[in-house]
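Analysis of the macromolecular model
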Amino acid sequence: MTPSATTATASAVTGARTRTGGPKDDSNLLEHIVGWTLVVVLAMLLTQTGLI
């Protein structure tokens, strides 16, 4: 095998392994909604306990 063929094969193998099983990239809206909900709930908890 030539060095360029070996490099292409190695990059194809590592490219297939880069996914970690996390959420898909198209769930950006849901991620923002859940994040802001967490911020609001945390702010309400801190306000109710008198820490703010």
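Right, let's walk through the structure included here. Since the model is a prediction, treat every value here as computed from it, not as a measurement. (Residues numbered from 1 in each chain as written. Predicted model: local features only at pLDDT ≥ 70, side-chain atom pairs only at ≥ 80, totals over all residues. Heavy atoms only, no water.)

Description of the overall build of the protein chain
What counts is decided by this rule: The helix count covers DSSP runs of H or I at least four residues long, the strand count covers runs of E at least two residues long, and both are numbered beginning at the N terminus. Buried, partly exposed and exposed residues are distinguished by accessible area as a fraction of the type maximum, computed with a 1.4 Å probe on protein chains only: under 20%, between the cut-offs, and over 50%, respectively.
Helix and strand counts for the protein chain come out as two helices and zero strands. For the protein chain, the proportion of its 52 residues judged to be buried stands at 0%.

Looking at helix α2 (residues 28-49)
Put simply, the rule reads: The span you would expect from a helix comes to 1.5 Å times its residue count less one.
Between its first and last C-alpha atoms α2 spans 32 Å; for 22 residues at 1.5 Å apiece the expected length is 32 Å, and the two agree. Note on α2: the residue one or two positions beyond its end, Gly50, has a positive phi of about 80 degrees.

Digging into a nonpolar patch on the surface
Formally: Candidate patch residues must exceed 30% relative accessible area and have no salt bridge, after which like charges are joined if within 9 Å and Val, Leu, Ile, Met, Phe, Trp or Tyr side chains if within 5 Å. Note on areas: Shrake-Rupley with a 1.4 Å probe; residue coverage comes only from the protein chains shown. Only one rule defines a salt bridge in this text: a Lys or Arg side-chain nitrogen within 4 Å of an Asp or Glu carboxyl oxygen.
Nonpolar side chains collect at one region of the surface, where Val40, Val41 and Met44 lie side by side and expose about 270 Å² of accessible area between them. Following the sequence through the fold, Val40 ends up in helix α2. Look at Val40 and you get partly exposed, because its relative accessible area is 45%.

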